[in-house]
Amino acid sequence: MVLLQRPSDDRILTVRHQATSWHSPGMLTVVGGRLEDGEFLDEGAARELAEEVGIHITPDRLRFCQLLHFHAPDGERVIGAAFTVREWQGTPYNREPGTHTELVWVDPAAPPPDCHPFTHAVLTHFATGRFYANVIAAELLDGEAG
């Protein structure tokens, strides 16, 4: 994942998924995805940033900011590594209109209610400076993220 952070107000770029998304219909998520064969975490993050919002950076420009282990109610388990970047060239835009409907800058300390639970955890833990968390989706719905 990449937390593209706008220096002027510290907001983080999110993407809203189409209503037909299998894992986050109509919800906001941070830029990211799954690794491709042979990729390192930072390489995959830089690739996803270019694919989703058209921002091209080299992996060495990314700064590690957190690791989360997420357990979803449906049994899915995800380990997510998040990187941040505050300086880039160009203007982010929706490069995947078949997947995303819009880009939204959000306050990480107060994520909107339509964030995917994993994204909500990523943003709130980033805002509080936590580098690692175990996250159970049901706890997020109850407001008790760990």
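Just so we're clear, the structure is a prediction, and the values are computed from it rather than from any experiment. (Residues numbered from 1 in each chain as written. Predicted model: local features only at pLDDT ≥ 70, side-chain atom pairs only at ≥ 80, totals over all residues. Heavy atoms only, no water.)

1. Regarding the overall build of the protein
The condition is simple: To qualify as a helix, a DSSP run of H or I must reach at least 4 residues; to qualify as a strand, a run of E must reach at least 2; elements of each kind are numbered from the N terminus. For each residue, the accessible area found with a 1.4 Å probe, counting protein chains only, is set against the maximum for its type, and the residue is called buried under 20%, exposed over 50%, and partly exposed in between. What makes two residues a contact is simply this: any of their non-hydrogen atoms within 4.5 Å. Using a 1.4 Å probe, the Shrake-Rupley method yields the accessible areas, and only the shown protein chains count as cover for residues. Lys and Arg are tallied as positive, Asp and Glu as negative. Neither His nor the chain termini are counted. Here the site of a charge means NZ on Lys, CZ on Arg, CG on Asp, or CD on Glu.
When its secondary structure is counted, the protein shows 3 helices and 7 strands. With respect to the principal axes defined by its C-alpha atoms, the protein has extents near 40 × 35 × 30 Å. By residue count, 45% of the 146 residues in the protein fall in the buried class. For the protein, the share of sequence-separated contacts (at least 6 apart) that also reach a separation of at least 24 residues comes to 59%. Roughly 7700 Å² of accessible area belongs to the protein as shown, and the carbon and sulfur atoms make up 54% of that amount. Distance between charge centroids for the protein: 4 Å, based on 11 positive and 21 negative side chains.

2. Structural notes on the pattern of salt bridges
For clarity, the cut-off: We define a salt bridge as a side-chain nitrogen of Lys or Arg found within 4 Å of a carboxyl oxygen belonging to Asp or Glu.
Counted according to the given criterion, the structure contains 10 salt bridges. With a closest N to O distance of 2.6 Å, arginine 16 and aspartate 114 form a salt bridge. Here aspartate 114 lies in the loop between strand 6 (100–106) and helix 2 (117–128) and arginine 16 lies in strand 2 (residues 12–17), a separation of 98 residues in the sequence. For aspartate 114, a relative accessible area of 27% puts it in the partly exposed group. One salt bridge connects arginine 47 with glutamate 48, and the closest N-O pair in it is separated by 3.1 Å. Glutamate 48 shares its class with arginine 47; the two are buried.

The quantities given are spatial measurements derived from coordinates; they are silent on function.
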